[in-house]
Amino acid sequence: MAKRPILLLPDPRLRAVADPVEKVDDGIKALAQDMLDTMYDAPGIGLAGPQIGEMKRIIVMDLSREDEPNDPIVMINPEITGMSDDIVSTEEGCLSIPEVYYDVERPAEISVRYTDLDGNTVERDATDRLAVCIQHEIDHLDGVLYIDYLSRLKRDRVLKKFQKADRLNKKAG
Ligand code: GNR
Ligand code: NI
């Protein structure tokens with residue numbers, strides 16, 4: 001069990017594009033486990049590599065309910081291969097932007113292709129919260145945050161709040 005610190009807005013690593021994973025080796029498996037440990041501890045329903053400063057295209061999720069056994073999902077080099085025309089609006093939050101929640105519109109259903117921890121290529125369709133979460137996490141791999149979909153007024157308000165907290169943090173050391 002290795003929990004890692006989660007980077008917060010406005011850390012520039014959250015705005016960088018992550019690199020493809022070349023090979024699913026023991027290092028990647030250990031990273032996936034650290035990411036799951038960090039996500040469960042937070043707690044959150046998803047986590048992307050860049051959120052712990054690992055600039056690799058890997059995401060982890062668990063959409064199981066509290067009264068259900070854990071159902072960890074690890075996706076390496078995930079790609080959205082299709083999306084529905086119908087759109088859903090869901091309240092989103094982000095572990096890198098704590099205590100902020102806003103409604104975001106996204107395609108309701110997607111198809112995703114990725115490599116799993118055994119190195120196999122997997123294609124699956126996703127709906128509901130899983131579809132939203134996959135899109136939120138893949139955005140992280142491209143330096144995109146859900147606040148980017150808000151009006152400029154709302155986004156700037158969030159940015160300002162976290163820039164100020166960051167300044168105070170640095171001053172305090
Ligand atoms: O824990 C999380 N909850 C959440 C809720 C609605 C839509 C997306 C998410 S993902 C988030 C964890 C996170 O920041 N992942 O990057
Ligand atoms: Ni997030």
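Summary of the structure given here. (Residues numbered from 1 in each chain as written. Chains lettered and ligands numbered in written order. Predicted model: local features only at pLDDT ≥ 70, side-chain atom pairs only at ≥ 80, totals over all residues. Heavy atoms only, no water.)

## Concerning the coordination of the nickel ion (ligand 2)
Between any two of four tetrahedral donors, the ideal angle at the metal is 109.5 degrees; between two of six octahedral donors, it is 90 or 180 degrees.
Move 1: Coordination sphere of the nickel ion (ligand 2), protein contribution only: Cys-94 (SG), His-136 (NE2) and His-140 (NE2), at 2.1 to 2.4 Å.
Move 2: Read in sequence order, the donor residues coordinating the nickel ion (ligand 2) give the pattern C-x41-H-x3-H. With Cys-94 in strand β4 (residues 87-94) and His-140 in helix α2 (residues 128-141), the pair connects residues that are 46 residues apart, well separated along the chain. In this pair, the class of Cys-94 matches that of His-140, namely buried. (Donors = N, O, S within 2.8 Å, 3.2 Å for Na, K, Ca; no water. Helix = DSSP H or I, 4+ residues; strand = E, 2+ residues; numbered from the N terminus. Buried < 20%, exposed > 50% of the residue type's maximum accessible area, 1.4 Å probe, protein only.)

## Observations regarding the pairing of strand β7 (residues 121-126)
Move 1: Bridging between strand β6 (residues 110-115) and β7 involves 6 bridges; their strand directions are antiparallel. Residue pairing in the sheet places Ile-110 in a bridge with Ala-126 of β7.
Move 2: Following β6, the chain reverses through 5 residues before pairing antiparallel with β7; Gly-119 in that reversal takes a positive phi of roughly 85°. (Pairing = 2+ DSSP bridges.)

## Observations concerning the sheet that holds strand β2 (residues 58-61)
As a general point, the strands of a sheet are linked pairwise by backbone hydrogen bonds and lie either parallel or antiparallel.
Move 1: Reading across from one edge, β1-β2-β3-β6-β7 is the order of the 5 strands in this open sheet, with antiparallel pairing throughout. Of all the strands in the sheet, just β1 (46-48) and β7 have a single pairing partner and so form its edges. Averaged over all pairs of adjacent strands, the angle between strand axes in this sheet comes to 40°, irrespective of strand direction.
Move 2: Packing of helix α1 (residues 26-41) onto the sheet brings it into contact with β1, β2 and β3 (73-83), and relative to β2 it is tilted by some 40°.
Move 3: With respect to the sheet, α2 is in contact with β1, β2, β3, β6 and β7, its orientation differing from that of β2 by roughly 150°. (Axes fitted to C-alpha atoms, helices over the stretch in contact; angles between N-to-C directions. Contact = heavy atoms within 4.5 Å.)

## Observations concerning the environment of Pro-78
Move 1: Structurally, Pro-78 can be placed in strand β3.
Move 2: A sequence separation of 56 residues divides Pro-78 from Ile-134, and the C-alpha atoms of the two residues are 8.8 Å apart.
Move 3: Beyond its immediate stretch of four places on either side in the chain, Pro-78 contacts Arg-57, Ile-59, Val-112, Arg-113, Tyr-114, Ile-138 and Leu-141.

## What about the site of ligand 1?
Move 1: Around ligand 1, the neighbouring residues are Gly-44, Ile-45, Gly-46, Gln-51, Glu-91, Glu-92, Gly-93, Cys-94, Leu-95, His-136, Glu-137 and His-140.
Move 2: Separating a nitrogen atom of ligand 1 from a backbone N or O atom of Gly-46 is a distance of 3.2 Å.
Move 3: Within the backbone of Leu-95, a nitrogen or oxygen atom sits 2.8 Å from an oxygen atom of ligand 1.
Move 4: Starting from 380 Å² of accessible surface for ligand 1 in isolation, the protein chains cover 87%.
Move 5: Secondary-structure elements contributing two or more residues to the shell around ligand 1 are β4 and α2.
Move 6: Tallying contributions element by element places β4 first for the shell around ligand 1, with 4 residues.
Move 7: Looking at the shell around ligand 1 residue by residue, the classes come out as 3 nonpolar, 6 polar and 3 charged. (Near = heavy atom within 4 Å. Polar contact = N/O pair within 3.5 Å; in protein donor to acceptor, adjacent residues only side chain to side chain. Areas by Shrake-Rupley, 256 points an atom, 1.4 Å probe, with all protein chains shown as cover. Nonpolar A, V, L, I, M, F, W, Y, C, P; charged D, E, K, R; others polar.)

## Here we look at the nonpolar core
Buried together is how nonpolar side chains tend to be arranged in soluble globular proteins.
Move 1: Core analysis: the biggest nonpolar cluster contains 18 residues, and Ile-59, Met-61, Met-75, Val-112, Ala-126, Leu-130 and Ile-134 have the highest contact counts within it.
Move 2: Counting residues per element, this core draws most heavily on α2, at 6 residues.
Move 3: If you look at the next biggest cluster of nonpolar residues, it comprises 13 residues, including Leu-31, Met-35, Leu-36 and Met-39. (Core = buried A, V, L, I, M, F, W, Y, C linked by side-chain atoms within 4.5 Å.)

## A look at the side chain of Gln-51
Move 1: Within the secondary structure layout, Gln-51 lies in the loop between β1 and β2.
Move 2: For Gln-51, a relative accessible area of 2% puts it in the buried group.
Move 3: Once residues lying within four places of it in the same chain are set aside, the contact partners of Gln-51 are Pro-5, Ile-6, Leu-7, Leu-14, Cys-94, Leu-95, Ser-96, Glu-137 and His-140.

## Quick word on the pairing of β6
Move 1: In the sheet, β3 pairs with β6 via 5 bridges, with the strands oriented antiparallel. Bridge pairing in β6 links Met-83 to Ile-110.

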